Amino acid sequence: MHSNYSYWEDKTFFKHYDVIVIGSGIVGLNAAYQLKFKEPVLKVGVIEAGFLPTGASTKNAGFACFGSISEILNELKTSTEEEVLEVVEARWKGLVKLKMILGEKAIDYQNFGGYEVFKGGEEFSSLTCIENIPYFNKLFKSITGQTDIYAVANKNKAAVFGFSHVNSMIYNRCEAQIDTGKMMSALLGRVQEVNTPVFNNCKLLEIIHQENHVILKTNQGVFKTNKVIIATNGFINEFYPDLQVFPGRGQVLVTQQIPTLKIKGTFHYDKGFFYFRNINNRILLGGGRNIDFKLEETTQAGITDQVQSALEELLYETIIPDEKPIIEYRWSGVMAFGNELKPIIKKLEPNVFCAVRCNGMGVSMGSLSGQQVADLVLNEM
Ligand SMILES: Cc1cc2nc3c(=O)[nH]c(=O)nc-3n(C[C@H](O)[C@H](O)[C@H](O)COP(=O)(O)OP(=O)(O)OC[C@H]3O[C@@H](n4cnc5c(N)ncnc54)[C@H](O)[C@@H]3O)c2cc1C
């Protein structure tokens, strides 16, 4: 088909790439940045299906976290201690990298600490989790260098935050929060600084292998590159259906501003399936995927009455029982999960690599995944 692209446009924007990254989420942008940072002569481009990223990286809650105790106990039901340790280390190291690359100020990194909230009746009782504090403090010291990460929170803290029905809380002094919008904007800035174009509204449709290179058919034209990194996370099954990746939709709401807001920090409830935080005098609250795993195993954007009602119930009955703030934002994002906890970072076929499946913790581990896949590609060049 005749495209009407000029010779200049074709040569400059569609051809002669060393590496093209598919997906401009936190992983894809970090991969592109690391390639150029380490090998500035490479010609690198990023292709993004949406006007903005449409997966998880601009839709998340902005927790700089590495696991609440009930969440990790839950992970230990299906993974070994070694596997859990490996993934907690990736989350920790990813956060260190994120801060190093972008700077704490640029991402509004605030170390207010995190709390796991117990109401009674959870699968892992507060007692079980509290009993496990010394074990996890010892285990995670080996990878974080930090002592006494978890501790039982002061008895009066629940009242200070204005909670109702909360029996006890576990405090994590190393947990923090960031401004997700600022983080993604700063990351885009880094990618621009290293002279790497990001093509938005450009959806990969087909991957065609030729002798020494790859042709990428998109809705905007045909790109030619030596290597490809697929960083499409929950969407990767469109091209690689056999990869062990399941999409998981996460729903979120944000209240109007609450002048008397008392909560400060990042909060987890029910094995991390629910989470909330303060953001500019508002409450951001998300989760509830576990209410109907099958229904939420989708790449479709959308919110459901069932999950939104559960979020509202938690908001109005437990988090802020004395007021009824209006909900000003509701949205969804798509994460990627699998039976194994660790991300998939590997060569898929000649010249094609991937870094996907952050298991819902890509703010934390995404910068590391990006670097790891960039290193894999650089090793082959
Ligand atoms: C509601 C929610 C809350 C979360 N909260 C947290 C949190 O507090 N802390 C934390 O650590 N993690 C959190 N996460 C997880 C974290 O956001 C993700 O793990 C991370 O953003 C994944 O980054 P990614 O780059 O792998 O994928 P994505 O951000 O999903 O990026 C993939 C990109 O690929 C693009 N794409 C897909 N198909 C194509 C195609 N064919 N052609 C071109 N482009 C394509 C998509 O448009 C998308 O922009 C949350 C996620 C959600 C949804």
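Remember, predicted model here, so these are calculated numbers, not experimental data. (Residues numbered from 1 in each chain as written. Predicted model: local features only at pLDDT ≥ 70, side-chain atom pairs only at ≥ 80, totals over all residues. Heavy atoms only, no water.)

### Brief notes about the sheet that holds strand S5 (residues 150-152)
- Here eight strands make up an open sheet; going across it, the order is S5-S6-S4-S13-S14-S15-S12-S16 and the pairing mixed. Edge positions in the sheet fall to S5 and strand S16 (327-337), since each has one partner strand and no second. The average angle at which neighbouring strand axes cross in this sheet is 20°, direction not considered.
- When strand S4 (residues 114-118) meets strand S13 (residues 266-269), the two strands line up parallel, connected through four bridges. Residue pairing in the sheet places Glu-116 in a bridge with His-268 of S13.
- Against the sheet, helix H6 (residues 133-144) touches S5 and strand S6 (168-172), its axis set at about 160° to S5. (Pairing = 2+ DSSP bridges. Helix = DSSP H or I, 4+ residues; strand = E, 2+ residues; numbered from the N terminus. Axes fitted to C-alpha atoms, helices over the stretch in contact; angles between N-to-C directions. Contact = heavy atoms within 4.5 Å.)

### Remarks on the pattern of salt bridges
- Within this structure, the stated rule accounts for 17 salt bridges.
- Between Lys-203 and Glu-238 there is a salt bridge; the shortest N-O distance is 3.1 Å. Taken as a pair, Lys-203 in the loop between strand S8 (198-199) and strand S9 (204-209) and Glu-238 in the loop between strand S11 (222-230) and strand S12 (246-255) lie far apart in primary sequence, 35 residues in all.
- Classification of Glu-238 by relative accessible area gives partly exposed; the value is 48%.
- Salt-bridge contacts for Glu-296 lead to Arg-249; the nearest nitrogen and oxygen are separated by 2.8 Å. One end of the pair, Glu-296, is in the loop between strand S15 (282-287) and helix H9 (305-319); the other, Arg-249, is in strand S12, with 47 residues separating them in the sequence.
- The class of Glu-296 is buried, set by a relative accessible area of 1%.
- The exposure class of Arg-249 is buried, given its relative accessible area of 8%.
- By sharing partners, the salt bridges in this structure join Lys-77, Glu-123, Asp-270 and Lys-271 into a single network. (Salt bridge = Lys/Arg side-chain N within 4 Å of Asp/Glu carboxyl O. Buried < 20%, exposed > 50% of the residue type's maximum accessible area, 1.4 Å probe, protein only.)

### Some thoughts on the domain arrangement of the protein chain
- Taken domain by domain, the protein chain comprises domain 1 (7-58 + 182-244 + 340-379) and domain 2 (108-175 + 246-335).
- Distance from the C-alpha centre of domain 1 to the C-alpha centre of domain 2: 31 Å.
- Listed per partner, the contact involves eight residues of domain 1 and seven residues of domain 2.
- Of all residues in domain 1, the largest losses of buried area upon contact with domain 2 belong to Gly-234, Phe-235 and Gln-244, amounting jointly to 44% of the total for that side.
- Seen at the junction of domain 1 and domain 2, the total is one salt bridge.
- A salt bridge links Asp-108 to Lys-182; the shortest N-O distance between them is 3.8 Å.
- Remark: the boundary between domain 1 and domain 2 carries one residue pair in polar contact (both at pLDDT 80 or more).
- Considered class by class, the residues forming the side of domain 1 that touches domain 2 number two nonpolar, five polar and one charged. (Domains from an automatic or database assignment. Buried area = accessible area lost by both parts, 1.4 Å probe. Polar contact = N/O pair within 3.5 Å; in protein donor to acceptor, adjacent residues only side chain to side chain. Nonpolar A, V, L, I, M, F, W, Y, C, P; charged D, E, K, R; others polar.)

### A word on a negative patch on the surface
- A grouping of Glu-81, Glu-82, Glu-83, Glu-86 and Glu-340 is seen on the molecular surface, where their side chains present a negatively charged patch.
- Structurally, Glu-81 is set in helix H4 (residues 81-102).
- On the basis of relative accessible area, Glu-81 is assigned to the partly exposed category, the value being 39%. (Patch = residues over 30% accessible without salt bridge, like charges linked within 9 Å, V, L, I, M, F, W, Y side chains within 5 Å. Areas by Shrake-Rupley, 256 points an atom, 1.4 Å probe, with all protein chains shown as cover. Lys, Arg positive; Asp, Glu negative; His and termini not counted. Charge placed at Lys NZ, Arg CZ, Asp CG, Glu CD.)

### What to know about the site of the ligand
- What surrounds the ligand is a group of 38 residues, the closest being Glu-48, Thr-54, Ser-57, Phe-63 and Gly-362.
- In this structure, an oxygen atom belonging to the ligand sits 3.2 Å away from a main-chain N or O atom of Ile-26.
- Interatomic distance of 2.8 Å between a backbone N/O atom of Gly-362 and an oxygen atom of the ligand.
- In the complex, the protein chains occlude 98% of the 1000 Å² of accessible area that the ligand would expose alone.
- Those elements that provide at least two residues to the shell around the ligand are helix H2 (26-38), S12, S16 and helix H10 (362-379).
- Here the shell around the ligand is composed, by residue class, of 21 nonpolar, 14 polar and three charged.
- Counting contributing residues, the shell around the ligand receives three or more from each of domain 1 (7-58 + 182-244 + 340-379) and domain 2 (108-175 + 246-335). (Near = heavy atom within 4 Å.)

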